[in-house]
Every structure is written in structure tokens, then in C-alpha cells.
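Here's the letter readout for the chains.
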Amino acid sequence: MLEMEMKDAFFWYLDSKYEKVRVIEEKVIGKSRADVVAVLPDRIIGYELKSDSDSYQRLLTQVKDYDKFFDFNYLVVGESHKKHAGEHVPEHWGIVTVSKDTGVNIMREAEHNKKAKMRWQLSLLWRSELLNIQLENGLHKYSQKSKYFVIKYLMENVETEKLKRQICNELFERDYTLLSE
């Protein structure tokens, strides 16, 4: 199955699986590019797609980057990768198969990724979105400070679960027609 066919079927699956989901394609994360990012109200999920014609050559680096950014991670594979997919990702990663015949199926559910870091998730946000979170929490703006300073400031001053929901909300509300900051 070709990647575009996989994506079409997979996007339909995501829309039907989750009541509220924002799908982001081709998001740069570290040294990699996440094929699909699903933003839910309380978590961020990364999906790496490997079509039947893809190899696992870059997957080791991709796994490391996905594990920094996302609460849950999945390898989404075509039929030709189904048998050996589990050998290429850690146990906490889920595995999804996409086939013309059987559609989208979960082979293995993902476990919560304990390696994900709030600072990396906050780095997905634009400066204006970080400012929204600062204002929403009644915090000082620090508009002249670096993005890294603001991220650290938010992590020190906002409870983790609340901050996660606010990150997800900002990604939901983002106007994706604008160029990224």
C-alpha cells in the first residue's frame, strides 16, 4: 500500500476513533519529521507511517525523537511490514496495520511514554501561544526573554496536568494557515 493510500485510510480512522482530534502532518520534531501528530484534549500522540515501500533505515532516530515529544507513539505499517514491525520499536510503542483488505487494525496498543518531556511539548508552541498560557495563568509576560526561558518559567509555575491541557488547547486553536513562528 502506498503512503497516500495509507494516510487517507488512517485519517478516516482517527476521525472516527476520537471525539475531538486535531491532526497535524509532517511536524518537525528534533532531527526527525513526525508523519502524523494527533492532538487530543489531554495528550499528544505521534504516528510514524511505514508504507510497503518504506525501509526502517531512519527509524532508530525517529523513535528517539518521538519519545521526547509525544505521550503515546505508534508505528503504522502496511501489510509487508506487519510481521516484523514489533522488532523495530520499543515495547511501549503501539503498532497499527493498514491494509486495503482489512482496513486499519491495532496490533498492539501503545503504553504511556514515560520518556516524553513537557519542555519538548512546550517547544511545539509558537511564542504567541506560550504568551496565551502565561496570561491564562496570570503569570508575568516575559516578552523580552528567550523561548527557553518562558518554557522553563511555565514548567515551574503551572501544574503539569493543567499545562498539558493548555498545550493541547493551543494546538487545537492554532490557525494552521499562518506560517509557523
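Presented here is an overview of the structure given in this document. (Residues numbered from 1 in each chain as written. Predicted model: local features only at pLDDT ≥ 70, side-chain atom pairs only at ≥ 80, totals over all residues. Heavy atoms only, no water.)

A look at the overall build of the chain
Argument step 1. If you tally the helices and strands in the chain, you get six helices and six strands.
Argument step 2. The C-alpha radius of gyration computed for the chain amounts to 17 Å, which stays within 12% of the reference 16 Å derived for 181 residues, consistent with globular compactness.
Argument step 3. With respect to the principal axes defined by its C-alpha atoms, the chain has extents near 55 × 25 × 25 Å.
Argument step 4. When the 181 residues of the chain are sorted by exposure, 47% land in the buried category.
Argument step 5. Carbon together with sulfur atoms contributes 50% to the accessible area of the chain, which is approximately 10000 Å² in total.
Argument step 6. Seen as two clouds, the 29 positive and the 30 negative side-chain charges of the chain have centres 7 Å apart. (Helix = DSSP H or I, 4+ residues; strand = E, 2+ residues; numbered from the N terminus. Rg over C-alpha atoms; globule rule 2.2 N^0.38 Å. Buried < 20%, exposed > 50% of the residue type's maximum accessible area, 1.4 Å probe, protein only. Areas by Shrake-Rupley, 256 points an atom, 1.4 Å probe, with all protein chains shown as cover. Lys, Arg positive; Asp, Glu negative; His and termini not counted. Charge placed at Lys NZ, Arg CZ, Asp CG, Glu CD.)

Here we look at the packing of aromatic side chains
Argument step 1. Taken as a whole and judged by the stated rule, the model has ten aromatic pairs.
Argument step 2. When the ring of phenylalanine 10 is compared with that of tyrosine 47, the centres are 4.8 Å apart and the planes differ by 70°; the resulting orientation is edge-to-face. Of the two residues, phenylalanine 10 is situated in helix α1 (residues 3-17) and tyrosine 47 in strand β3 (residues 43-50); the sequence distance between them amounts to 37 residues.
Argument step 3. The buried category is assigned to tyrosine 47, whose relative accessible area is 2%.
Argument step 4. A network of ring pairs unites the aromatic residues Tyr66, Phe69, Phe70, Trp93 and Trp120 as a single cluster.
Argument step 5. Sitting over the ring of phenylalanine 172, lysine 20 keeps its end group 4.5 Å from the ring centre.
Argument step 6. It is arginine 174 that lies over the ring of tryptophan 126; its NZ or CZ is 4.0 Å from the centre. (Phe/Tyr/Trp six-rings, centres within 6.5 Å; stacked < 30°, edge-to-face > 60°. Lys NZ or Arg CZ within 6 Å of the ring centre and 35° of its normal.)

Quick notes on the nonpolar core
Argument step 1. In terms of nonpolar packing, the biggest core is built from 35 residues, with Ile44, Phe70, Leu75, Leu122, Leu154, Leu163 and Ile167 touching the most fellow members.
Argument step 2. Only β1 (22-29), β2 (32-40), α2 (59-69), β4 (72-77), α3 (118-123), α4 (127-136), α5 (147-157) and α6 (160-173) provide two or more residues apiece to this core.
Argument step 3. When residues of this core are assigned to their parent elements, the largest contribution, five residues, is made by α6.
Argument step 4. Sequence-distant contacts of isoleucine 44, that is, excluding residues within four places in its chain, are made with Val37, Ala38, Phe70, Asp71, Phe72, Gln121, Leu124, Ile167, Cys168 and Leu171.
Argument step 5. Counting residues in each nonpolar core, the second largest holds 21 residues, with Met1, Leu14, Leu40 and Leu49 among its members. (Core = buried A, V, L, I, M, F, W, Y, C linked by side-chain atoms within 4.5 Å. Contact = heavy atoms within 4.5 Å.)

Overview of the packing of α4 against α6
Packed helices, taken two at a time, are described by the angle between their axes plus the distance between the axes.
Argument step 1. It is the contact of α4 with α6, at a shortest axis distance of 10 Å, that shows an interaxial angle of 135°. It follows that α4 is oblique to α6 by the angle criterion. Remark: the crossing between α4 and α6 carries right-handed chirality. For the pair α4 and α6, contact is made by Glu129, Asn132, Ile133 and Glu136 and by Leu163, Gln166, Ile167 and Glu170, respectively. (Axes fitted to C-alpha atoms, helices over the stretch in contact; angles between N-to-C directions. Parallel < 35°, antiparallel > 145°, perpendicular 65-115°, else oblique. Left-handed = near helix turned anticlockwise from the far one by under 90°.)

Observations concerning α1
Argument step 1. Taking 1.5 Å of rise per residue, 15 residues should cover 21 Å, and α1 covers 20 Å from first to last C-alpha, within 8% of that figure.
Argument step 2. Within α1, the full set of buried residues consists of Met6, Lys7, Phe10, Phe11, Tyr13 and Leu14. When α1 is viewed along its axis, its buried side chains cluster within an angular range of 160° and face the same direction. Exposed residues pointing more than 90 degrees away from the buried face of α1 are listed as Met4, Trp12, Asp15 and Ser16.
Argument step 3. Summarising the contacts, the buried residues of α1 are in contact with β1, β2, β3, β4, β5 (94-99) and β6 (103-108). (Expected span 1.5 Å × (residues − 1). Arc of directions from axis to C-beta.)

Considering the side chain of glutamine 121
Argument step 1. By secondary structure assignment, the location of glutamine 121 is in helix α3.
Argument step 2. In this structure glutamine 121 touches Ile44, Phe69, Phe70, Asp71, Ala116, Lys164 and Ile167, once residues within four positions along its chain are discounted.

Section: empty space enclosed by the protein
Argument step 1. Applying the stated criterion across every chain yields a total of one cavity of 30 Å³ or more.
Argument step 2. Quantified by volume, the largest cavity comes out at close to 30 Å³.
Argument step 3. What lines the largest cavity is Phe10, Tyr13, Lys17, Tyr18, Tyr47, Tyr74, Val96 and Ile106.
Argument step 4. Partitioned by chemical class, the residues of the lining of the largest cavity number seven nonpolar, no polar and one charged. (1 Å grid on protein atoms, 1.4 Å probe; cavity = no way out; pocket = protein on both sides within 12 Å on 5 of 7 lines; lining within 4 Å. Points joined across faces, edges and corners; volume = space filled by probe spheres on them. Nonpolar A, V, L, I, M, F, W, Y, C, P; charged D, E, K, R; others polar.)

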